[in-house]
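# Examination of the molecular architecture
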Amino acid sequence: MQVDLLNTPIEYLKGVGPKKAEIFNKEFNIITYNDLLHYYPYRHVDKSKIYKISELTSEGAFIQFRGRVRHFEIVGQQRARRLVAQFSDDTGTIELVWFNSIKWIEELLLQRREFIVFGKPTLFNRKWSMTHPELIDPYMQQESPVPLYFHPLYNTSEKAKKGGLDSKTISKLVISLIGQIKEVITETLSDEIITSLKLLPRKEALSQIHYPANIDLLNKATLRLKFDELLFTQMKLLKMKLVVSQRFKGHVFSTVGDAFNTFFHNHLAFELTNAQKRVIKEIRADMGSGRQMNRLLQGDVGSGKTITALLLMLIAIDNGYQTCLMAPTEILARQHYDNIKRQLAKMNLRVEFLSGATRSAGRKAILTALQNGEIDILIGTHALIENSVIFKNLGFVVIDEQHRFGVEQRAKLWRKNKIPPHVLVMTATPIPRTLAMTVYGDLDLSVINELPKGRKPIITSHLFEKDRLRLFGFMKEQIDSGRQVFVVYPLIEESEKMDLFALMEGYDLMTERFPLPNYAVGIVHGKMKPEEKDYEMQRFINKETQILLSTTVIEVGIDVPNATVMVIENAERFGLSQLHQLRGRVGRGGEQSYCLLMSSNKLTNESKQRLSAMVGTNDGFEIANIDLRLRGPGDLQGTRQSGMLDFKIADLIRDEKLVIYTRDLAKKILEDDPELQKEKNWRIARHLGEIIKKEQNWGMIS
Ligand code: ADP
Ligand code: MG
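Residues numbered from 1 in each chain as written. Chains lettered and ligands numbered in written order. Predicted model: local features only at pLDDT ≥ 70, side-chain atom pairs only at ≥ 80, totals over all residues. Heavy atoms only, no water.

## Side note on the overall build of the chain
- The helix and strand inventory of the chain stands at 26 helices and 22 strands.
- Viewed in the frame of its principal axes, the chain has a C-alpha envelope of about 90 × 70 × 50 Å.
- Out of the 702 residues in the chain, the part that is buried amounts to 54%.
- Sequence separation of 24 or more characterises 74% of the internal contacts of the chain that already satisfy a separation of 6 or more.
- Accessible area for the chain stands at about 33,400 Å²; split by element, carbon and sulfur atoms hold 51% of it.
- The chain carries 97 positive and 84 negative side-chain charges, and their two centres are separated by 1 Å. (Helix = DSSP H or I, 4+ residues; strand = E, 2+ residues; numbered from the N terminus. Buried < 20%, exposed > 50% of the residue type's maximum accessible area, 1.4 Å probe, protein only. Contact = heavy atoms within 4.5 Å. Areas by Shrake-Rupley, 256 points an atom, 1.4 Å probe, with all protein chains shown as cover. Lys, Arg positive; Asp, Glu negative; His and termini not counted. Charge placed at Lys NZ, Arg CZ, Asp CG, Glu CD.)

Structure follows, in structure tokens:
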């Protein structure tokens, strides 16, 4: 009965009807009462009263004070230039800050000092301040009194507004909704947790988040809803992990045999780093435990993840299993295939390649051999997860650059053998802890935190158009001493044509600067056929070309140790983690390598910060942290599709402490009561059950 009311289609809410319901569906993805209940306001405006500065206890809504500007000055240079004013009432002082319209504000303050200020106070370095507050003439306000109010503002869109759904209407609908359903909102946490953490009851939180009685309650409601969102995300991930480990037995790899030993002793071209050795041990232990492994292997670009995975694949083969390696692009999969085939050339193992482009005859032969168990290692793109690809006895799967594969694809791989294979996903995009906990929260983690010996840190510089001649001179120097150069151009969908044009123009420029017969320039872009791309890549790998121009297709994984220079054109148009990935294409051999970031002179503040981060550090984890700070988690490369970061109210960066706290709490709860059968956990069990029922991923593992 309760569930039914909350799941009522939004159409039936008084004042909505079929037309508005359609807008709700299309514009905001609101289908049911419950969806509207969870459509939180993005901001609250409190003009219900004039606050005293001494009343400030927490950040929260937009509120107003009345007082005087006692003092102001303009400080800082350029972008940091700002007007700072000290504003006091008879109870305290708060700082007001303007970055824009400085001149205008200055003139205003020269005329008058008494104001009502309206804005959102924030606490910074233990001092209260407001950025860009509204300045209201108190006498004006007395003359034309504005109604006093404290109300929510909802995100809306032009289309929605046209259809009658502006913020105000939405807020009215929410009031009427809450009136109807408040009593059926169920609690999700135990009384014990609620009391000990002094949380607001959920019913209270869900109404206060829309219509808070005061700021304090707004903050409490926000905290409670963030808490729920994060806790249940973690519960879900940990439960998934638990279910998998209970339900799935794992293949036991008990021996290290011929394949591994022969390769390790006779064909491995270098000594493994300590981190590689440690990780191999870690993973071996896991694959020998009788549990099915699902593990994430993190390691900065160039840390040698591939060879680590190959050694583990050999162990799987030693134990009588087949293995496969899956990569996100054709080029990358090809490269893995070529490298591994070459490395294993003297060994009696069969390695095959399969992608969407594999022609039907060859494809059939491979599929048959695979099913007969004649193929030891299958390498390819996500063509490997198709149902037609059947192994005789798949024991171990490696997924490279995993951020493009989601939980569902992982689950598809599990089903490729009666006992699911062990899965190792490798990512070269290091991500901060809170994010990893959330996006990959169902995986165990291994980290290669060391680069192979003898690597010299890549030298990164930021250049402008005026430096172009110098750039050409430098490229020439490097090429003349036997090295090779990548030049990368941006390619974004909206302006594909123009970008392609820029690439071709670049090609003309380069061939003119670096003419045959002494030099040869190659080119690779997304519009080429796979064979053409392969051909060009191969020419570069064989040193038949010295310069390779490309769009970002070379971004992931490509390994050409003789290349020492990475030139990135229009570097300001790339994301930070992408820039770092690209830089990782050089510095792979023993030679000093360089990354040269070309940009225009006009840069936004953010692109400036990105480029200076690149110049400032080579450390992928540091880069990831800066990236996250600059862009927010929703934008982090590849993670958006995962759907794991669609938080309504929590924020993985700002709420870091809460993420960690709820992760620990979720762990504790499940350790104490894995099946969630204890009386005190019944509400959690019920709510988790509802969440899980909604998600189809679970169908795959049960
Ligand atoms: P990534 O971790 O970015 O995938 P790769 O696996 O492509 O890195 O390795 C980068 C390069 O380093 C490759 O040329 C590989 O052969 C080499 N390499 C890997 N491990 C070592 C090592 N221990 N010592 C020297 N070179 C290594
Ligand atoms: Mg790699």
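## Examining the site of ligand 1
- Taken together, 17 residues form the shell around ligand 1, and within it Gly302, Lys305, Thr306, Arg455 and Asp559 come nearest.
- Within the side chain of Lys305, an N or O atom sits 2.8 Å from an oxygen atom of ligand 1.
- A distance of 2.6 Å separates an oxygen atom of ligand 1 from a polar side-chain atom of Arg455.
- For ligand 1, whose accessible area on its own is 570 Å², the fraction buried by protein is 85%. (Near = heavy atom within 4 Å. Polar contact = N/O pair within 3.5 Å; in protein donor to acceptor, adjacent residues only side chain to side chain.)

## Examining the sheet that holds strand S19 (residues 521-524)
- The strand order across the open sheet formed by 6 strands is S17-S22-S21-S18-S20-S19, and the pairing between neighbours is parallel. Edge positions in the open sheet fall to strand S17 (459-464) and S19, since each of these has one partner strand only. Taking each pair of neighbouring strands and ignoring which way they run, the sheet shows an average axis angle of 20 degrees.
- One ladder, built from 5 bridges, connects strand S18 (residues 484-488) with strand S21 (residues 563-568); its direction is parallel. Residue pairing in the sheet places Val485 in a bridge with Val565 of S21.
- Most of the contacts of helix H18 (residues 468-480) go to strand S22 (residues 594-599), to which it runs at about 155 degrees, and overall it touches S17, S18, strand S20 (547-550), S21 and S22. (Pairing = 2+ DSSP bridges. Axes fitted to C-alpha atoms, helices over the stretch in contact; angles between N-to-C directions.)

## Comments concerning the pairing of strand S13 (residues 377-380)
- The two faces of S13 match: Ile377 and Ile379 on one face and Leu378 and Gly380 on the other face are all buried.
- Strand direction decides the pairing type here: strand S11 (residues 322-326) and S13, joined by 4 bridges, are parallel. Pairing of Cys324 across the sheet is with Leu378, part of S13.
- Where strand S12 (residues 351-354) meets S13, 4 bridges bridge the pair, whose relative direction is parallel.

## Quick word on the side chain of Thr222
- Looking at the secondary structure, you find Thr222 in helix H10 (residues 215-247).
- What makes Thr222 buried here is its relative accessible area of 19%.
- Apart from residues no more than four positions distant in its own chain, Thr222 is found in contact with Ile209 and Ile649.

## Focus: the nonpolar core
- Residues Ile10, Phe24, Leu36, Phe65, Phe87, Ile94 and Leu109 are the most contacted members of the largest nonpolar core, which totals 58 residues.
- The biggest single contributor to this core is helix H7 (residues 167-181), with 6 residues.
- Excluding its chain neighbours within four sequence positions, the residues that come into contact with Phe24 are Ile10, Val16, Asn29, Ile30, Leu36, Leu165 and Leu173.
- Membership of the second largest hydrophobic core comes to 56 residues, among which are Phe232, Leu370, Leu394 and Leu688. (Core = buried A, V, L, I, M, F, W, Y, C linked by side-chain atoms within 4.5 Å.)

## Describing helix H24 (residues 656-672)
- The end-to-end C-alpha separation of H24 is 25 Å, in line with the 24 Å expected for 17 residues at 1.5 Å each.
- Where H24 is buried, its residues meet helix H8 (191-196), H10, helix H17 (433-439) and helix H25 (682-694). (Expected span 1.5 Å × (residues − 1).)

## With respect to the pairing of strand S2 (residues 62-75)
- Note: strand S1 (residues 43-51) against S2, 3 bridges, orientation parallel. Among the inter-strand pairings, Tyr51 is bridged to a residue of S2, identified as Phe65.
- One ladder, built from 6 bridges, connects S2 with strand S5 (residues 114-119); its direction is antiparallel. Looking at S5, one finds that Arg66 is bridged to Ile116.
- In this structure, the hairpin formed by S2 and strand S3 (residues 82-88) is closed by a connection of 6 residues, where Gly76 is found at a positive phi of approximately 80 degrees.

## Observations concerning the packing of aromatic side chains
- One pass over the full model with this rule turns up 12 aromatic pairs.
- Ring geometry for Phe227 and Tyr661: centres 6.4 Å apart, planes at 50 degrees, overall tilted. Here Phe227, found in helix H10, pairs with Tyr661, found in helix H24; they are 434 residues apart in sequence, far enough to count as distant.
- Ring pairing ties together the aromatic residues Phe24, Phe28, Tyr39 and Tyr154, which thus form one cluster.
- Sitting over the face of the ring of Tyr51, Lys49 holds its NZ or CZ atom 4.5 Å from the ring centroid.
- Looking at Arg334, its charged tip hangs above the ring of Phe353, at a distance of 4.3 Å from the centre. (Phe/Tyr/Trp six-rings, centres within 6.5 Å; stacked < 30°, edge-to-face > 60°. Lys NZ or Arg CZ within 6 Å of the ring centre and 35° of its normal.)

## Considering the confidence of the model for the chain
- On average, the chain scores 87 in pLDDT, and the residues at 70 or more come to 92%.
- Within the chain, the lowest mean pLDDT, 53, falls on helix H26 (residues 697-701), and the highest, 97, falls on S13.
- Counting contacts from residues 143-147, a segment whose pLDDT is below 50, to residues more than four positions away or on other chains yields 1 contact.
- With pLDDT under 50 throughout, residues 634-643 is counted as low confidence; its partners more than four residues away or in other chains account for 19 contacts. (pLDDT = per-residue confidence, 0-100.)

## Side note on the pattern of salt bridges
- Counted under the stated rule, the structure contains 34 salt bridges.
- Residue Lys103 pairs with Glu107 through a salt bridge whose shortest N-O separation is 3.9 Å. Of this pair, Lys103 and Glu107 both sit in helix H4 (residues 102-111), 4 residues apart, which is roughly one turn of that helix.
- Where Glu187 meets Arg224, a salt bridge forms, and the shortest distance between an N and an O atom there is 2.8 Å. Residue Glu187 is found in the loop between H7 and H8, and its partner Arg224 is found in helix H10; the two are separated by 37 residues along the sequence. (Salt bridge = Lys/Arg side-chain N within 4 Å of Asp/Glu carboxyl O.)

## Concerning the sheet that holds strand S10 (residues 294-299)
- If you trace the 7 strands from one edge of the open sheet to the other, you get S12-S13-S11-S14-S15-S10-S16, paired in parallel fashion. Every other strand in the sheet has two partners, leaving S12 and strand S16 (444-448) as the edge strands with one partner each. Here the strands of the sheet are splayed against their neighbours by 20 degrees on average, with no regard to which way each runs.

## Observations regarding the packing of helix H21 (residues 576-583) against helix H22 (residues 605-616)
- Packing of H21 against H22 leaves a shortest axis separation of 10 Å and a crossing angle of 35 degrees. Of the two elements, H21 crosses H22, and the hand of that crossing is right-handed. Contacts between H21 and H22 involve Leu576, Leu579, His580 and Arg583 from the former and Arg610, Leu611, Ala613 and Met614 from the latter.
- When grouped by side-chain class, the residues that make up the contact of H21 with H22 number 5 nonpolar, 1 polar and 2 charged. (Left-handed = near helix turned anticlockwise from the far one by under 90°. Nonpolar A, V, L, I, M, F, W, Y, C, P; charged D, E, K, R; others polar.)

## Observations concerning the side chain of Arg683
- Mapping Arg683 onto the fold places it in helix H25.
- If we ignore the near neighbours within four places in the chain, the residues touching Arg683 are Glu187, Thr188, Leu189, Ser190 and Asp191.

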